[in-house]
Amino acid sequence: MSGTEEFIRQYGDISFTEMPFCDADNVALCEVFYMPLEKVVSPDFGDEPKGFCEVSNDMYNYMGHRHKPLGLMITKNPSVKLSEMSRHRRYAEMQVVACRSVFDIEPAVQFAAATFILPDGTLVIPFRGTDDTLAGWKEDVDIYTRKVIPSYQLAVDYLEQAAENFSGDIIVCGHSKGGNVALYAALNCSQEVRSRIRYLYNNDGPGFFDYSLYSTAAYRELLPKYRHFVPDSSFIGMMLAHDDDFTVVGSTRHLGPMQHDLATWQIDGCEMETKPGLTKMAQAADLGLMEIISRLTDAQSAAIDKVIGDLFNATGEICLLDFAKNVVPAVSGAVRAWRGIDETTKEDFKSAFKGAGKIIKGAVKTVKEETAPAAARRARIIAEKVLANA
């Protein structure tokens, strides 16, 4: 078994005409799209697409002719992999167009998408996961407290515009929040566009606040084309309402949060190395987190939204790396912001997490003793949530 590095070395000189787009290509593209390609590729669909090699060279120049980490949480792997892919025929044949990025503080939005054009005209549209910005992390929090985040509509609009400007099949993909956004876009685009989707990849993306999305006709239509991958100790992918049609894949790491890194995922030939099922830890996280979030009141959700937003904004920093470099003034700003929040909101915020330890402990016990009660308990929580949202 190996990762995308070995896949690129072994299959990189085989064109997409000879070997169609596969699971490993999805992982590789989602990983390199953490690079800020929007700095070197126009956001407009009407502009001339750029060759992948040109994009890679321009990106390397933009980065100061160095491979360096993209932030506190993102290593230099995407930069290295982008250069490596550009040296192989398979990816050198691709073109890139309409690399679009949207960033804002209030409301928090961190969105990016691009269109990669394969030699046969197939469009591959990756949506970026959370980057190093605090706004990106705040938007992650919003996924757990709101039915809709700004990136959702941006993704639907982007997918529709790509389909309008180019003919051919469409492959939609994303990692982490990008996987969540990719699924939302595919579920909510027009039926005409949805019918052109050949594959939809969700790589360990969290679920939705709205449980009803999985009972729609659009979801049933997408199922035969849907590839949902989670590592065997998945943590991020087990959050909120998610489908049960996922494939469990191998990772070189053991802990759930560390397995979230695409660079650790294992590949068998052109496909993912699969595992028989989730670990007990992942099953307990799934059950426990679902129960905690299902108990949140509207007031508690609003309090989480306000407190996290106020604290992040008060740090005065844009990125996690900036926060780490200026930790003392950043923390001081957050402390002042906490003190300025009204007492009712503070109480709602603290009560949201009251009893969380007991819930997690109970979930661990339930999963350890027998899987059937855990499945029944999970189904009950989902049913109650669906009824509440009806």
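To keep things clear, this report deals only with the structure shown in the data block.

Calculation rules
Residues numbered from 1 in each chain as written. Predicted model: local features only at pLDDT ≥ 70, side-chain atom pairs only at ≥ 80, totals over all residues. Heavy atoms only, no water. Helix = DSSP H or I, 4+ residues; strand = E, 2+ residues; numbered from the N terminus. Rg over C-alpha atoms; globule rule 2.2 N^0.38 Å. Buried < 20%, exposed > 50% of the residue type's maximum accessible area, 1.4 Å probe, protein only. Contact = heavy atoms within 4.5 Å. Arc of directions from axis to C-beta. Pairing = 2+ DSSP bridges. Axes fitted to C-alpha atoms, helices over the stretch in contact; angles between N-to-C directions. Core = buried A, V, L, I, M, F, W, Y, C linked by side-chain atoms within 4.5 Å. Phe/Tyr/Trp six-rings, centres within 6.5 Å; stacked < 30°, edge-to-face > 60°. Lys NZ or Arg CZ within 6 Å of the ring centre and 35° of its normal.

### Considerations on the overall build of the protein
Helix and strand counts for the protein stand at 18 helices and 10 strands. For 390 residues, the compact-globule estimate of 2.2 N^0.38 gives 21 Å, and the protein sits close to it at 21 Å. With the C-alpha coordinates aligned to their principal axes, the bounding extent of the protein is approximately 55 × 50 × 40 Å. Burial statistics for the protein: of 390 residues in total, 54% are counted as buried. At a minimum sequence separation of 6, the contacts of the protein that also span at least 24 residues come to 74%.

### Quick word on helix H1 (residues 4-11)
Here H1 has its buried residues at Thr 4, Phe 7, Ile 8 and Tyr 11. The buried residues of H1 occupy an angular sector of 100° when the element is viewed end-on, so they sit on one face. For H1, the elements touching its buried residues are helix H2 (23-32), helix H4 (77-86), helix H5 (89-92) and strand S9 (267-268).

### Regarding the sheet that holds strand S4 (residues 123-127)
Read across the sheet, eight strands follow the order S1-S2-S3-S4-S5-S6-S7-S8 without closing on themselves; strand pairing throughout is mixed. Each end of this open sheet is capped by a strand with a single partner; those strands are strand S1 (50-51) and strand S8 (246-249). With two bridges connecting them, S1 and strand S2 (residues 95-104) associate as antiparallel partners. By the bridge assignment for S2, Lys 50 is matched with Val 96. Lying over the sheet, H2 contacts strand S3 (109-117), S4, strand S5 (170-175), strand S6 (197-203) and strand S7 (226-231), oriented at roughly 60° with respect to S6.

### Notes on the nonpolar core
The biggest cluster of nonpolar side chains holds 58 residues, and the ones touching the most others in it are Phe 127, Ile 170 and Leu 200. Among the nonpolar cores identified, the runner-up in size contains 43 residues, and Met 19, Val 96, Leu 118 and Trp 265 belong to it.

### Description of the packing of aromatic side chains
Summed over the entire model, instances satisfying the criterion amount to 20 aromatic pairs. Taking 6.2 Å as the distance between ring centres and 15° as the angle between the ring planes, the aromatic pair formed by Phe 16 and Phe 21 counts as stacked. Ring plane angle 80° and centroid distance 6.0 Å describe the contact between Phe 16 and Tyr 91, whose orientation is recorded as edge-to-face. In this pair, Phe 16 is assigned in the loop between H1 and H2 and Tyr 91 in helix H5, connecting sequence segments 75 residues apart. By relative accessible area, which is 0% here, Tyr 91 ends up buried. Taken together through their ring pairs, the aromatic side chains of Phe 16, Phe 21, Phe 52, Tyr 91, Phe 116, Tyr 199, Tyr 201 and Phe 229 make up a single cluster. Over the ring of Phe 16 we find Arg 90, and its NZ or CZ is 4.0 Å from the ring centre. Its guanidinium or amino end placed over the ring of Phe 33, Arg 128 lies 4.5 Å from that ring's centre, counting from NZ or CZ.

All we've got here are geometric facts, nothing functional implied.
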